[in-house]
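Architecture at a glance
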Amino acid sequence: MNKIIISGFGGQGVLSLGKFISYSAIEQNLNTSWLPSYGPEMRGGTANCSVIYSHEDIAAPVIDHPDILIVFNEPSLDKFENSVKAGGTIIINSDIVHKKTTRKDVKFFEIPVDTLAAEINKRGANVYMLGVLLPLFGDISEECAIHAVEHVFESKPKVIPSNIECLKAGIEYMKKLLK
Amino acid sequence: MKKLWKGNEAIAEAAVAAGCRYFFGYPITPQNEIPEYMSWRLYEVGGAFIQAESEVSAINMVYGAAAAGARAMTSSSSPGVSLKQEGISYIAAAELPCVIVNMMRSGPGLGGIQASQGDYFQATKGGGHGDYHCIVYAPSTVQEFVDIMYNAFDVADEYRNPVMIIGDGMLGQMMEPAEIPPMKDVTKMYEKYHKDEWATCGHSDGKARIINSLRIEPDENEEFTLRLYKKYEEIAKKETKVEEYRMDDAEYVFVAYGSVARICKAAIVELREQGIKAGLIRPITLYPYPSATIEKAARRDSVKKFVTVEMSMGQMVEDVRLAVNGLKPVEFYGRCGGNVMMPADLVKYIKEGK
């Protein structure tokens, strides 16, 4: 089971990254839940979503201590960093977040995902981040993530190839970091 | 094949599959995806969607469509459902089938838009005036929303009584994999429930049909109300639904419904890992209430106490106390205002009693 919180400004694709993870989990025949923040939280403040995937049935869709926190702006780091499970992982989009975590008991990755994705597709940062996550997850295959991307962009088939390229680049990037 | 569905959209598609062809509503967060979905989907299946000028109009349009024999529904969230109560009472008194969805947000008043369970009293104890009840379901997953909605029109038609399905902002907004069952045949449903015998469809055998809720003679109204309550007895016998989770050896029994029941399940897993035997009774129907299941648990020697958990200041806890009837202590844990308890809060409560 993985419990993931993704947080950033509205419009950064925070909610859709969560959906990509959930769709990938379905392709992998796992159970999943996706719970967004909604309402005034979305306007001006931070948008976030809680994503869980598991071999078991998912009980609570709310997450008190995420295994993985993905942060797209500084307020989100302040808000959630203390909730991350000891031994968990914090990933920041270092194109936007210039702070480091104060936690000593978590794995910390600074990834300039906007810059990296822009080399392939300016709007591919989310899918690039999905790629970054796959080696960390270890239990969702590249093939399933590709199916998820194809599914989400079903109505815009033109953008599928460049997004798959972003996905693959993200996977390679993270594999190198983990070596 | 299972697809990722948002709660609100899944319940809308399940209604269409169940034969719902008419939707009347007025926008309110956090249920807007239901009317949004219906606004285009119903036209694909030959139905109609109307955004009414108010909730009062919307429920009365449901009243009219139901009287004409159609499968009709409305959905709203707490303040909007308050506005519908007069119409719901009329529909119950006219013995018409319909489905009402309430994706609860926090009250009182306009309150907030985050998840809440503050409308339990309203849903189960009347809401509108007079001696009547809706049949009330409280699903806890997106798939259960689908399954309950898929059957809701049949239950409503079978008893000619309004059915209410209550969820909350969390269940409405979240996405989970779910499978929508195949489309029901609307004409067959009309025949199955003999609507040709009573519907005011305007072109029957020429005899007048009256659908009304006015019974001005006390004897007539008493006779009617007694018959209504006979119907509720039958509904209680046949339609009560409840889930028992890890209750075999439970010492601490949570009672919770909807999204909160899921949080209890997560807490139970954690408590059992720590050697504390906890279980859950999850009412799926809130009216009729599964009092017998709770009473049976209260009679077990192994059960030490009940803890009712709600996103309110304690409403269902009253029905739990009635069912337990003093046999065991009944405690209450709640959050309100749109805040949600975490599994760890419940673990702490059981371990430390606070």
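None of these values were measured; they are calculated from a predicted model. Per chain, residues are indexed from 1 in the order of the written sequence. Throughout, the order in which chains and ligands are written sets their labels, letters from A for the former and numbers from 1 for the latter. With pLDDT at 70 or above as the cut-off, local features in this predicted model cover only qualifying residues; side-chain atom pairs require 80 or more to be listed or tallied, and sums for whole chains, interfaces and linings still use all residues. Think of the side-chain values as coming from all heavy atoms in the structure, minus any hydrogens and water.

1. Thoughts on the overall build of chain B
Strands here mean DSSP runs of E at least two residues long; helices mean DSSP runs of H or I at least four residues long; both are numbered from the N terminus. A count of helical and extended segments in chain B gives 13 helices and 14 strands. Atoms counted for the radius of gyration: C-alpha only. Globule rule: 2.2 Å times the number of residues to the power 0.38. Relative to the globule expectation of 20 Å for 354 residues, the C-alpha radius of gyration of chain B, 20 Å, shows essentially globular dimensions. A sequence separation of at least 24 residues applies to 80% of the contacts in chain B between residues at least 6 apart. Methods summary: accessible areas were calculated by the Shrake-Rupley approach with a probe of 1.4 Å, and residue burial reflects only the protein chains presented. Here chain B displays about 14,300 Å² of accessible surface, and carbon together with sulfur accounts for 51% of that area. Between the mean site of the 40 positive side-chain charges and the mean site of the 47 negative ones, chain B shows a separation of 5 Å. By definition, residues are in contact when any of their heavy atoms lie within 4.5 Å. His is not counted, nor are the chain ends, whereas Lys and Arg count as positive and Asp and Glu as negative. Each charge is placed at NZ for Lys, CZ for Arg, CG for Asp and CD for Glu.

2. Overview of the pattern of salt bridges
Where charged atoms of side chains with opposite charge meet at close range, the side chains can pair. All names here are of chain B. A pairing counts as a salt bridge when a side-chain nitrogen of Lys or Arg comes within 4 Å of a carboxyl oxygen of Asp or Glu. Going through the model one piece at a time under the given rule, you end up with 25 salt bridges over all chains. A salt bridge links Lys231 to Glu95, with the shortest nitrogen-to-oxygen separation between them at 2.9 Å. In this pair, Lys231 sits in helix α9 (residues 218–239) while Glu95 sits in the loop between α4 (78–93) and β5 (98–104), placing the two residues 136 residues apart along the sequence. The burial state of Lys231 is the same as that of Glu95; both residues are buried. The residue Glu244 makes a salt bridge to Arg300 at a minimum N-O spacing of 3.7 Å. A simple rule labels every residue: compare its accessible area, found with a 1.4 Å probe on the protein chains alone, to the largest value its type can have, and call it buried under 20%, exposed over 50%, or partly exposed in between.

3. Focus on the interface of chain A and chain B
It is common to give the size of an interface as the accessible area that goes away when the parts come together. Contact residues are listed per partner, giving 20 residues for chain A and 26 residues for chain B. Here the quantity called buried area is the accessible surface, traced with a 1.4 Å probe, that two parts lose on coming together, added over both. Both faces considered, chain A and chain B share a buried interface measuring about 1,800 Å² in area, 73% of it formed by carbon and sulfur atoms. Linking chain A to chain B there are zero salt bridges. Under the rule applied, a polar contact is a pair of N or O atoms within 3.5 Å (in protein, one hydrogen donor and one hydrogen acceptor; residues adjacent in sequence only if both atoms are side-chain atoms). Put simply, chain A and chain B have four residue pairs in polar contact (both at pLDDT 80 or more) between them. Those elements that place two or more of their residues in the side of chain A that touches chain B are α1 (14–27) and β2 (31–36) of chain A. With five residues, β2(A) is the largest single contributor of residues to the side of chain A that touches chain B. Its residues assigned to classes, the side of chain A that touches chain B comprises 13 nonpolar, four polar and three charged. We call Asp, Glu, Lys and Arg charged. Ala, Val, Leu, Ile, Met, Phe, Trp, Tyr, Cys and Pro are nonpolar, and the rest, Gly among them, are polar.

4. Some thoughts on the nonpolar core
What is meant by a nonpolar core is a set of buried Ala, Val, Leu, Ile, Met, Phe, Trp, Tyr and Cys residues, joined one to another through side-chain atoms within 4.5 Å. In terms of nonpolar packing, the biggest core is built from 122 residues, with Met38(B), Met73(B), Met149(B), Ile165(B), Phe254(B), Phe306(B) and Val309(B) touching the most fellow members. Among the elements that take part in this core, helix α6 (residues 142–159) of chain B stands out by supplying 11 residues, more than any other. Marked domain ranges trace back to an automatic or database domain assignment. If you count residues domain by domain, this core takes at least three from each of domain 1 (3–239) and domain 2 (242–352) of chain B. Core analysis: the next-biggest nonpolar cluster, separate from the first, contains 47 residues, Ile70(A), Ile91(A), Met129(A) and Ile164(A) among them.

5. Re the sheet that holds strand β14 (residues 330–334) of chain B
Residues and elements named next belong to chain B. Criterion used throughout: strands pair if DSSP finds at least two bridges between them. In space, the five strands of this open sheet follow the order β9-β11-β10-β13-β14, with mixed pairing throughout. In the strand order of this sheet, the two ends are held by β9 (242–245) and β14, each with one partner. Going from strand to strand, the sheet's axes swing by 20° on average, the running direction of each strand aside. The pairing of strand β13 (residues 305–310) with β14 spans five bridges and is parallel. Note on β14: the bridge partner recorded for Val307 is Glu331. Each axis is a line fitted through C-alpha atoms, and for a helix only the stretch in contact is used; angles between axes span 0 to 180 degrees, taken between their N-to-C directions.

6. Considering the domain arrangement of chain B
Residues and elements named next belong to chain B. Here chain B is described as being made up of domain 1 (3–239) and domain 2 (242–352). Using only C-alpha atoms to locate each centre, domain 1 and domain 2 end up separated by 28 Å. Buried area between domain 1 and domain 2, summed over both chains or domains, comes out near 2,300 Å², and the portion from carbon and sulfur atoms is 56%. Looking only at domain 1, the three residues that lose the most surface to domain 2 are Gln117, Tyr120 and Phe121, adding up to 30% of its buried area. The partner of Glu144 in a salt bridge is Arg282, and the shortest N-O contact between them spans 2.9 Å. For the pair domain 1 and domain 2, the interface holds 16 residue pairs in polar contact (both at pLDDT 80 or more).

7. So, unusual backbone geometry
Cis peptide bonds are those with omega within 30 degrees of zero, and the linkage from Thr29(B) to Pro30(B) qualifies with 5°. Following Gly107(B), the chain continues into Pro108(B) via a peptide bond in cis, with omega recorded as -5°. Within the secondary structure layout, Pro108(B) lies in the loop between β5 and α5 (120–124). The residue Asn29(A) is not glycine, and still its phi comes out positive at about 65°. Summarising the element assignment, Asn29(A) is placed in the loop between α1 and β2. Located in the positive-phi region is Glu95(B), a residue other than glycine, with phi close to 50°.

8. Side note on helix α11 (residues 291–298) of chain B
All names here are of chain B. All of the buried residues in α11 are Thr293, Ile294, Ala297 and Ala298. Along the axis of α11, the buried residues cluster in a sector spanning 140°; they form a single face. Away from its buried face, by an angle of more than 90 degrees, α11 presents the exposed residues Ala292 and Lys296. In this fold, the buried residues of α11 make contact with β9, β10 (252–255), β11 (278–283), β13 and α12 (317–324). The arc in question is the one spanned by the directions pointing from the helix axis to the C-beta atoms.

9. Points about the sheet that holds β5(B)
Strand pairing in a sheet relies on backbone hydrogen bonds. The paired strands run either parallel or antiparallel. Residues and elements named next belong to chain B. What the seven strands build is an open sheet, ordered β3-β2-β4-β5-β7-β6-β12; its pairing is mixed. Among the strands making up the open sheet, the edge pair consists of β3 (48–51) and β12 (285–287). Going across the sheet, the axis of each strand differs from the next one's by a mean of 20°, ignoring polarity. Pairing analysis gives two bridges linking strand β6 (residues 135–137) to β12, with the strands arranged antiparallel. Each residue of the ladder has a partner; that of Val136, found in β12, is Tyr287. Contacts from helix α3 (residues 55–67) reach β2 (22–25), β3, β4 (72–76) and β5 within the one sheet, and its direction differs from that of β4 by about 160°.

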